[in-house]
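Each chain, letter by letter, is given below.
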Amino acid sequence: IAGKLFNNVYIVPSAAVRQGKEILLLREGKVAVHPIEVIWNTEKEVVFRSNLDLNGQRVITTPLPLATEGQAVQVAGDKKQPDKPVDTPKESTL
């Protein structure tokens, strides 16, 4: 079957995608808003392409609709505020 080959394709929980067009990354304890191109989605997961290599990046999976670029957040399990879990996107080959 012929089809397109995509690079930098990842899968994250649906809750991690905001407004169908961006994800939030955790960088040095702060939010980084990152635009994505959704390729496919289901009720539970979203397959997307990024213009950056996201391997090793931490994706915020707790819905934070009002989070802004540079906003400080705390990772679940840390001593200060355990209510914002993060996940690493899984790379996928399509």
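The structure reproduced in this document is the subject of the present report.

Attention now goes to the overall build of the chain. Regarding its fold elements, the chain presents zero helices and nine strands. Of the regular secondary structure in the chain, the N- to C-terminal order runs β-β-β-β-β-β-β-β-β. Of the contacts formed within the chain by residues at least 6 apart in sequence, a portion of 66% connects residues at least 24 apart. As presented, the chain carries roughly 6200 Å² of accessible surface, and 51% of it is formed by carbon and sulfur atoms.

With that out of the way, let us pick up the side chain of Arg18. The residue Arg18 is located in strand β2 (residues 17-18) in this model. The exposure class of Arg18 is buried, given its relative accessible area of 13%. A polar contact is formed between the side chain of Arg18 and the backbone oxygen of Leu64, at a distance of 2.9 Å. Engagement of the side chain of Arg18 in a polar contact is seen with the backbone oxygen of Pro65, the distance being 3.4 Å. Leaving out residues up to four positions away in the same chain, Arg18 has contacts with Leu24, Val33, Leu64, Pro65, Leu66 and Ala67.

On to the nonpolar core. Counting residues in each nonpolar core, the largest one holds 12 residues, listed as Tyr10, Val12, Ala16, Val17, Ile23, Leu25, Ala32, Ile36, Val46, Phe48, Leu54 and Val59. The set of elements that each furnish at least two residues to this core consists of β1 (9-13), β3 (22-27) and β6 (45-49). Apart from the residues within four sequence positions on either side, Val46 is in contact with Tyr10, Ile11, Val12, Ser14, Val17, Val38, Trp40 and Asn41.

With five bridges connecting them, β1 and β6 associate as antiparallel partners. Looking at the pairing, Pro13 lines up with Glu45 of β6. Examined bridge by bridge, strand β5 (residues 37-41) and β6 share four bridges and lie antiparallel to one another. Bridge pairing links Glu37 to Arg49 in β6.

Conventions adopted
- Residues numbered from 1 in each chain as written.
- Predicted model: local features only at pLDDT ≥ 70, side-chain atom pairs only at ≥ 80, totals over all residues.
- Heavy atoms only, no water.
- Helix = DSSP H or I, 4+ residues; strand = E, 2+ residues; numbered from the N terminus.
- Contact = heavy atoms within 4.5 Å.
- Areas by Shrake-Rupley, 256 points an atom, 1.4 Å probe, with all protein chains shown as cover.
- Buried < 20%, exposed > 50% of the residue type's maximum accessible area, 1.4 Å probe, protein only.
- Polar contact = N/O pair within 3.5 Å; in protein donor to acceptor, adjacent residues only side chain to side chain.
- Core = buried A, V, L, I, M, F, W, Y, C linked by side-chain atoms within 4.5 Å.
- Pairing = 2+ DSSP bridges.

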